[in-house]
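Working through the structure, step by step
Listed below are the residues making up each chain.
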Amino acid sequence: MSRRPPRILLGVSGGIAAYKAAELVRALVREEAEVKVVLTARGAEFVTPLTLATLSGHPVATSEFHDPPSPAIDHIDLARWADVLLVAPATANVLARFARGLADDLLSTVHLAFRGPVVLAPAMNPGMWEREQTRANVADLEARGVVIVPPEEGFVACGDEGAGRLADLQRIAAEALIAARRSRSMEGRKIVVSAGPTREAIDPVRYLSNRSSGKMGYAIAAALEARGAEVVLVSGPVRLSPPWGVERVMVESALEMREAVLEAAGEAAAVVMAAAVADHRPSAAPEKKISLPKDRGYALQLEPNPDILAELVQARAAGRLPAKLLLVGFAAETGQATAKGVAKRRRKGCDLLLANDVARAGSGFDVETNEVTLIGPDGQPEPWPQMSKRQVAERLADTMEKWWRR
Ligand code: CTP
């Protein structure tokens, strides 16, 4: 990771707490961050561009348009520049507009164009913060991975008491810096992720497959990419679009997946096998469609597919893959997931394994949440609570970073 300072794009929207933005810029600059400010029209009613420009050392952007007209496209340039978008204070209006994806001023347009982490520090009247529309907007934003630094309890400018005051500035600065660092924490690492089911041809029109939706593997690929990793996603047939910035290789059968994974693993720092690889394939798949008498059953002869994960482990042990390659497996079980996961990790020889019970509600195929247990080399299971697949992916990314720091 290069040593350039973290780049924080600070949005300041129009609430009375906007006056604290000046102090926040100073706190961030003291931490050696580079700060550029986008000030909304309402924000400029509370704090002047000159104050923020002087403290940040950069011109303050206030509009998508220039006078005289200029070909510069500020929202794209700023979105490309920043490691993190921090908005403090974020008004109820900003939360609503970000949640809906509006792009009707410079700040909301930058937000929509920006691909990195977003940290919002709301400040508003306590009644507005508690209001169900605001709750729903916050929940929507959090579900998309936005970090909310919640307002604190106390008296607010209008005299009401409750949660609504802008959070402590040091805390806001710390959250933004953590997010900025995390956005580059896997820079320079290539990671291969497999996802989805495989399809094993019976003939040119029929196949054997399984219920994997690919959601868990795609969430992992997105989370690793968001930390700056170069991600190759080897995907079986799924209905998902590739996460932004990820190189996707589409495959069908286990044999094709094996070839693509082994090829990409050469210079990789890690391989995460989240795919539900079919263990068997029909022994012979004729080139022509099978047509048999309809009044009789028939037996399908199956033969084993190679175990890709086990092969990766062997290749690493034999020195054909880097000794430091981190290998992560998954185990989808129905019942006794932890005990089976512990045995499976040992049998396959991967470093980390995430086991889940696909028969449980809120866990497994085609749902948005997952409940997994992490099993590491010490064999000690670490159960994680039920959470969204995105959160599981983040926690796995944290675990991988911890592995590399050992
Ligand atoms: N896996 C693999 N190649 C296979 C089968 C599985 O690389 N042919 C990987 C999966 O991607 C997963 C792990 O091995 O990371 C465990 O997959 P799972 O299907 O749970 O295990 P199996 O080895 O198939 O064991 P079983 O089905 O007998 O429980």
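This is a predicted model, so every value here is computed, not measured. (Residues numbered from 1 in each chain as written. Predicted model: local features only at pLDDT ≥ 70, side-chain atom pairs only at ≥ 80, totals over all residues. Heavy atoms only, no water.)

A separate point is the domain arrangement of the protein chain. Along its sequence, the protein chain is carved into domain 1 (7–182) and domain 2 (190–285 + 295–405). The straight-line distance from the C-alpha centre of domain 1 to that of domain 2 is 38 Å. Listed per partner, the contact involves 5 residues of domain 1 and 6 residues of domain 2. Summed over both sides, the interface between domain 1 and domain 2 buries roughly 470 Å², with carbon and sulfur atoms accounting for 51% of that surface. (Domains from an automatic or database assignment. Contact = heavy atoms within 4.5 Å. Buried area = accessible area lost by both parts, 1.4 Å probe.)

A few words now on the site of the ligand. Lining the immediate environment of the ligand, one finds 15 residues, of which Met-273, Ala-275, Phe-330, Lys-344 and Lys-348 sit closest. The separation between an oxygen atom of the ligand and a polar main-chain atom of Ala-275 is 2.8 Å. The contact in question runs from an oxygen atom of the ligand to an N or O atom on the backbone of Phe-330, over 2.8 Å. Protein contacts shield 79% of the accessible area of the ligand, which totals 570 Å² for the unbound molecule. No other element matches strand β16 (residues 326–333), which puts 4 residues into the shell around the ligand. (Near = heavy atom within 4 Å. Polar contact = N/O pair within 3.5 Å; in protein donor to acceptor, adjacent residues only side chain to side chain. Areas by Shrake-Rupley, 256 points an atom, 1.4 Å probe, with all protein chains shown as cover. Helix = DSSP H or I, 4+ residues; strand = E, 2+ residues; numbered from the N terminus.)

The subject of this paragraph is the nonpolar core. Residues Ile-191, Ile-220, Leu-224, Val-272, Met-400 and Trp-404 are the most contacted members of the largest nonpolar core, which totals 36 residues. Among the secondary structure elements, those contributing two or more residues to this core are β8 (190–195), α9 (215–226), β11 (230–235), β13 (270–273), β16, β17 (352–357), β19 (372–375) and α13 (389–405). Setting aside residues no more than four positions away along its own chain, Met-400 makes contact with Met-186, Ile-191, Leu-224, Ala-270, Val-272 and Leu-326. Membership of the second largest hydrophobic core comes to 33 residues, among which are Ala-18, Val-35, Leu-169 and Leu-177. (Core = buried A, V, L, I, M, F, W, Y, C linked by side-chain atoms within 4.5 Å. Buried < 20%, exposed > 50% of the residue type's maximum accessible area, 1.4 Å probe, protein only.)

In this section: helix α10 (residues 254–265). For α10, spanning 12 residues, the distance from its first C-alpha to its last is 16 Å, which sits close to the expected 16 Å at 1.5 Å a residue. Along α10, the residues that are buried comprise Ala-254, Met-257, Ala-260, Val-261, Ala-264 and Ala-265. Projected down its long axis, α10 carries its buried residues within an arc of 125 degrees, all on one side. Within α10, the exposed residues directed more than 90 degrees away from the buried face are Glu-259 and Glu-263. Residues of α10 that are buried in the fold lie against β8, β9 (200–201), β11, β12 (247–250), β13 and α11 (308–317). (Expected span 1.5 Å × (residues − 1). Arc of directions from axis to C-beta.)

For the pair α10 and α11, interaxial distance at closest approach is 10 Å and the crossing angle is 30 degrees. Classed by the angle they form, the pair α10 and α11 counts as roughly parallel. For the element pair α10 and α11, the recorded crossing hand is right-handed. Within the contact between the two elements, α10 uses Ala-254, Met-257, Arg-258, Val-261, Leu-262 and Ala-265 and α11 uses Ile-308, Glu-311 and Leu-312. Partitioning the contact of α10 with α11 into residue classes produces 7 nonpolar, no polar and 2 charged. (Axes fitted to C-alpha atoms, helices over the stretch in contact; angles between N-to-C directions. Parallel < 35°, antiparallel > 145°, perpendicular 65-115°, else oblique. Left-handed = near helix turned anticlockwise from the far one by under 90°. Nonpolar A, V, L, I, M, F, W, Y, C, P; charged D, E, K, R; others polar.)

Taken together, the 5 strands give an open sheet; going across it, the order is β2-β1-β3-β4-β5, and neighbouring strands pair in parallel fashion. The open sheet has two free edges, formed respectively by β2 (34–39) and β5 (147–148), since each of these has just one partner strand. Pairing between strand β3 (residues 84–90) and strand β4 (residues 118–122): 4 bridges, direction parallel. Following the sheet pairing, Val-87 is matched in β4 by Leu-120. Strands in contact with helix α1 (residues 21–30) are β1 (7–12), β2 and β3; relative to β1, the strand with the most contacts, it is inclined by about 175 degrees. (Pairing = 2+ DSSP bridges.)

With that settled, consider unusual backbone geometry. Note that the residue after Asp-67, namely Pro-68, is joined by a cis bond; omega there is 0 degrees. By the element assignment, Pro-68 lies in the loop between α2 (49–56) and α3 (74–81). Here the phi dihedral of Glu-32 falls at roughly 70 degrees; this positive angle occurs in a residue that is not glycine. Looking at where Glu-32 falls in the secondary structure, it is placed in the loop between α1 and β2. Relative accessible area serves as the criterion here: at 62%, Glu-32 is assigned to the exposed category. Positive phi values are uncommon outside glycine, yet Gln-336 reaches one of about 50 degrees. Mapped onto the fold, Gln-336 is located in the loop between β16 and α12 (337–348). Exposure remark for Gln-336: the relative accessible area of 62% places this residue in the exposed category.

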